[in-house]
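# Close look at the chain arrangement
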Number of protein chains: 2
Amino acid sequence: MGGSRAARSLEPTDGPLTFEELQLAGRNRGMPLEALRYDLTPTGLHYLLAHWDIPAVEPDGWRLRVDGLVGSRVELTLEEIRARPRLSLPVTLECAGNGRARLRPRPVSQPWLLEAIGTAEWTGTPLRLLLEEVGIGPGATEVVFTGVDRGIQGGEEQGYARSLRLADALRSEVLLAYEMNGEPLQPQHGFPLRLVVPGWYGMASVKWLASIELVAEPFLGFQQEEAYRYQRDAADPGSAVTRMRPRALMIPPGIPDFYTRRRFLGAGPIDLEGRAWSGHGDVVRVEVGVDGRWSEATLDRPVGQFAWRRWACTWEATVGAHELSCRATDAGGNVQPVEQPWNYQGMGNNLVQRVAVTVR
Amino acid sequence: MGGSRAARSLEPTDGPLTFEELQLAGRNRGMPLEALRYDLTPTGLHYLLAHWDIPAVEPDGWRLRVDGLVGSRVELTLEEIRARPRLSLPVTLECAGNGRARLRPRPVSQPWLLEAIGTAEWTGTPLRLLLEEVGIGPGATEVVFTGVDRGIQGGEEQGYARSLRLADALRSEVLLAYEMNGEPLQPQHGFPLRLVVPGWYGMASVKWLASIELVAEPFLGFQQEEAYRYQRDAADPGSAVTRMRPRALMIPPGIPDFYTRRRFLGAGPIDLEGRAWSGHGDVVRVEVGVDGRWSEATLDRPVGQFAWRRWACTWEATVGAHELSCRATDAGGNVQPVEQPWNYQGMGNNLVQRVAVTVR
């Protein structure tokens with residue numbers, strides 16, 4: 001599988017941001033961190049990454065094709081999917097590349113800092129029920145999801161396609177979603193239908209679904225075997241990016257300077273708050289750091305089994321320059337690192353956030 | 001007025017993008033150009049610029065204060081404003097800094113390329129009716145609009161505030177808007193109430209309105225007299241940025257490469273299309289350039305008196321590398337330039353778009 005990796009992208013760099021990275025940042029959208037105040041992110045503030053163009057899908061002509069190793073192939077209209085059993089779940093989604101542009105050297109791709117996150121209530125029909133209905137054929141081991149979006153990456157023309165192993169696809173929380181926050185999907189979030197895989201980084205939640213195929217062999221598409229890998233270097237086959245690593249983020253306190261985004265606030269007790277999540281189990285602990293000294297934050301109940309939870313604490317701010325940070329620990333004992341977890345593609349960088357503030 | 005300009009910002013540069021510019025690009029949001037396909041931009045795809053943080057406004061405690069040189073000061077609740085005469089208008093809004101990052105040397109601020117645009121249907125009550133009702137006092141010459149958002153810019157702590165001369169404020173299309181595309185404003189678009197000034201660049205359409213004040217003297221606030229000026233250099237007092245210059249944009253044809261965004265398509269007849277607008281009157285002509293040779297596009301009716309109009313043409317694509325472009329002319333005879341209209345702050349850069357394509 002390592003054969004075509006050389007063609008994929010530029011080498012990581014200590015150099016300045018490229019024009020191409022700026023173009024990507026101008027198209028893809030982060031969630032400004034003050035929006036951590038909302039249990040559910042307003043739809044227009046949720047993060048957004050599209051590899052190529054946002055496609056225009058006419059719902060009348062659109063069908064979801066389910067085929068491969070199934071008992072009976074089907075093609076479903078949106079109305080037929082909407083008529084099936086319905087489930088709503090609040091789900092925190094994060095781009096696997098979140099934090100990439102904070103790595104040194106910097107993998108060159110969409111240059112996320114910290115904002116590639118959001119939590120929405122997704123409504124759809126459980127994938128499991130559909131797969132059971134069409135019948136899972138003998139020998140099926142994976143499910144391949146393909147979107148209608150199309151483009152070129154790593155020198156290869158392709159439609160966006162990802163697979164899940166059958167056991168992951170059959171988890172009861174995996175949705176074929178047609179609503180976000182109680183409204184039909186906006187075009188940029190996958191209209192008319194997308195996959196939502198709670199707990200996983202966003203690349204698994206394929207947008208603009210065209211087909212679902214059951215297969216017997218591991219899927220070797222570009223977005224599975226080339227992109228979204230934890231690699232040491234270009235030659236390393238690496239391992240697949242799957243579930244979200246634990247992360248806590250803070251609403252930067254005080255008021256910002258327009259250009260530097262440095263924060264300014266007055267001395268005295270300051271309420272600090274944010275959100276924390278993990279794809280490996282509940283967040284069980286959030287610590288807040290002030291100039292490197294850590295203390296415990298209190299935790300609210302999670303917004304849902306697969307969604308972030310609010311944390312809060314009070315800081316007695318004293319005049320001067322300070323660095324605030326926060327870090328999450330999940331039920332699996334995973335803790336956010338204070339040293340960068342570098343890898344070649346810039347995946348899963350859950351290095352702790354640092355917020356520079358001036359108290360005056 | 002020129003006194004504090006030296007403190008405002010960095011000098012324009014031919015150097016690489018800064019970390020601070022990346023931070024701004026990660027917060028503010030452009031409209032991917034394929035969304036030019038929509039008459040009305042889906043709310044979550046409309047461009048967005050916030051100087052500081054998106055404020056959290058509780059509608060119950062919020063009041064709009066109208067005071068200064070008025071017959072009677074008032075404070076209005078959102079319900080009282082919603083009960084007033086109602087007007088809906090499709091309006092194209094563009095950030096005055098759109099195109100800034102394409103200038104050489106590059107003014108250092110939010111690094112927009114071409115995406116700081118959008119068209120929405122805004123619903124609200126005409127400002128004129130409210131001003132007439134409270135009574136315009138003798139001597140009033142300007143109306144000052146202040147938002148609840150607060151931060152630091154150019155070394156100065158401030159709330160966002162802009163003025164309109166009385167004659168501009170009394171134009172019948174100026175709205176106090178509480179709905180966007182038929183829904184209450186999302187927080188990032190100015191909830192609960194914003195000004196919408198059709199035809200003007202976006203800085204005039206003050207979000208998160210807190211107060212409206214009638215005054216006798218020209219307003220000298222930072223966002224009026226320091227920012228949003230067409231200046232030659234830091235010492236030049238310059239002239240105020242007001243209405244949108246004409247611009248045409250094209251949906252980039254074919255499919256993109258993920259990283260370079262270069263476009264690829266097959267030979268043969270290709271439908272090119274986009275949108276064009278101007279704040280100085282109707283767009284009366286759009287030309288499409290192929291490798292520097294210009295021909296006429298056809299124009300649809302405008303989406304509204306203050307909104308963009310669709311243009312289209314067919315291109316017989318031949319194998320090879322090509323550069324496509326488009327340019328608009330408005331009823332005032334204003335034409336988009338093919339050489340950059342450079343200025344110190346990077347305002348109103350309506351240089352023609354250029355799209356690199358490979359036909360294979």
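Residues numbered from 1 in each chain as written. Chains lettered and ligands numbered in written order. Predicted model: local features only at pLDDT ≥ 70, side-chain atom pairs only at ≥ 80, totals over all residues. Heavy atoms only, no water.

### Digging into the overall build of chain A
The helix and strand inventory of chain A stands at five helices and 22 strands. Scaling as 2.2 N^0.38, a compact globule of 360 residues should have a C-alpha radius of gyration of about 21 Å, and chain A matches this with 21 Å. Each principal axis of the C-alpha atoms in chain A carries an extent, and together these give about 70 × 45 × 35 Å. Counting the 360 residues in chain A, one finds 64% classified as buried. (Helix = DSSP H or I, 4+ residues; strand = E, 2+ residues; numbered from the N terminus. Rg over C-alpha atoms; globule rule 2.2 N^0.38 Å. Buried < 20%, exposed > 50% of the residue type's maximum accessible area, 1.4 Å probe, protein only.)

### Considerations on the domain arrangement of chain A
All names here are of chain A. In terms of domains, chain A is made up of domain 1 (5-240) and domain 2 (247-359). On the domain 2 side, the residues contacting the 44 residues of domain 1 number 26 residues. Summing the contributions of domain 1 and of domain 2, the shared interface buries around 3200 Å²; its carbon and sulfur component is 57%. Along the contact surface separating domain 1 from domain 2 lie two salt bridges. Run the count over domain 1 and domain 2 and you get 23 residue pairs in polar contact (both at pLDDT 80 or more). Secondary-structure elements contributing two or more residues to the side of domain 1 that touches domain 2 are β3 (87-94), β4 (117-126) and β11 (229-230). A per-element tally of the side of domain 1 that touches domain 2 places β3 first, with four residues. When grouped by side-chain class, the residues that make up the side of domain 1 that touches domain 2 number 21 nonpolar, nine polar and 14 charged. (Domains from an automatic or database assignment. Contact = heavy atoms within 4.5 Å. Buried area = accessible area lost by both parts, 1.4 Å probe. Salt bridge = Lys/Arg side-chain N within 4 Å of Asp/Glu carboxyl O. Polar contact = N/O pair within 3.5 Å; in protein donor to acceptor, adjacent residues only side chain to side chain. Nonpolar A, V, L, I, M, F, W, Y, C, P; charged D, E, K, R; others polar.)

### Quick notes on the interface of chain A and chain B
With 62 residues of chain A at the contact, the number on the chain B side is 62 residues. Each partner contributes to the roughly 5400 Å² buried at the junction of chain A and chain B, and carbon and sulfur atoms together form 59% of this total. Among the residues of chain A in contact with chain B, Arg29, Phe258 and Tyr259 of chain A are the three that bury the most area, contributing 17% of the side total. Here chain A is connected to chain B by eight salt bridges. For aspartate 53 of chain B, the salt bridge is made with arginine 263 of chain A, and the minimal N-O distance between the two is 2.6 Å. Remark: the boundary between chain A and chain B carries 30 residue pairs in polar contact (both at pLDDT 80 or more). Looking at the side of chain A that touches chain B, its residues break down into 31 nonpolar, 16 polar and 15 charged.

### Concerning the pairing of strand β1 (residues 64-68) of chain A
All names here are of chain A. Across three bridges, the pairing between β1 and strand β2 (residues 74-76) is antiparallel. Counted as the bridge partner of arginine 65 is glutamate 75 from β2. Linking β1 back to β2 in an antiparallel pair, the connection comprises five residues. Strand direction decides the pairing type here: β1 and strand β10 (residues 209-215), joined by four bridges, are parallel. Bridging from a neighbouring strand, aspartate 67 pairs with glutamate 213 of β10. (Pairing = 2+ DSSP bridges.)

### A look at the sheet that holds strand β18 (residues 293-296) of chain A
Within a beta sheet, neighbouring strands are joined by backbone hydrogen bonds and run either parallel or antiparallel to one another. Strand order in the open sheet formed by six strands is β14-β15-β22-β21-β17-β18 (chain A), with mixed pairing between adjacent strands. For this open sheet the edge positions go to β14 (255-256) and β18 of chain A, each flanked by a neighbour on one side alone.

### Looking at the relation of the copies chain A and chain B
Overlay of chain A on chain B (RMSD 0.0 Å): rotation 180°, translation along the axis 0.0 Å. The transformation just described matches what one would write down for a two-fold rotation axis. If distances are taken from each C-alpha of chain A to the rotation axis, the shortest is found for glycine 44 of chain A, at 1.9 Å. Here 100% of the interface residues in chain A have copies in chain B that are interface residues too; the copies meet face to matching face. (Least-squares fit on C-alpha atoms with pLDDT ≥ 70 in both.)

### Focus on helix α1 (residues 19-27) of chain A
Summarising burial for α1 of chain A: seven of the nine residues are buried, a large majority. Along α1 of chain A, the positions that sit buried rather than exposed are Glu21, Leu22, Gln23, Leu24, Ala25, Gly26 and Arg27 of chain A. Taken together, the buried residues of α1 of chain A touch α1 (19-27) of chain B.

### Some words on the pattern of salt bridges
Residues and elements named next belong to chain A. With the rule as written, the count across this model stands at 46 salt bridges over all chains. Across the pair arginine 171 and glutamate 173 runs a salt bridge whose closest N-O atoms are separated by 2.7 Å. Each of Arg285, Glu287, Glu296 and Arg327 takes part in a single network of salt bridges with overlapping partners.

### Overview of the confidence of the model for chain A
All names here are of chain A. Of all residues in chain A, 98% attain a pLDDT of 70 or more, and the chain-wide mean is 96. Confidence drops under a pLDDT of 50 for residues 1-7, and excluding neighbours within four residues, the segment shows twelve contacts in the predicted structure. The complex prediction reports pTM at 0.96, with the ipTM value standing at 0.95. (pLDDT = per-residue confidence, 0-100.)

### Re the sheet that holds strand β2 (residues 74-76) of chain B
Residue and element names in this part refer to chain B. Pairing is mixed in the open sheet, where five strands are placed in the order β2-β1-β10-β5-β6. With one partner strand each, in any of the chains shown, β2 and β6 (156-165) form the two edges of the open sheet. Strand-to-strand twist of the sheet, defined as the mean angle between neighbouring strand axes without regard to direction, takes the value 25°. Across nine bridges, strand β5 (residues 142-153) lies against β6 in antiparallel orientation. Across the sheet, residue threonine 146 finds its bridge partner in β6, namely alanine 161. (Axes fitted to C-alpha atoms, helices over the stretch in contact; angles between N-to-C directions.)

### Some remarks on the environment of glycine 332 of chain A
All names here are of chain A. Take glycine 332: it is sitting in the loop between β21 (320-330) and β22 (353-359). Look at glycine 332 and you get exposed, because its relative accessible area is 54%. Linking glycine 332 and alanine 169, residues 163 residues apart in sequence, is a C-alpha distance of 22 Å.

### Concerning the pairing of β5 of chain B
Residues in a regular strand project their side chains so that they alternate between the two faces of the sheet. Residues and elements named next belong to chain B. With nine of its twelve residues buried, β5 lies for the most part within the structure. Here β5 runs beside strand β10 (residues 209-215); their pairing, made up of six bridges, is antiparallel. From the neighbouring strand, glutamate 142 faces β10, where its bridge partner is valine 215. The turn linking β5 back onto β6 is made up of two residues, and glycine 154 within it adopts a positive phi angle of 60°.

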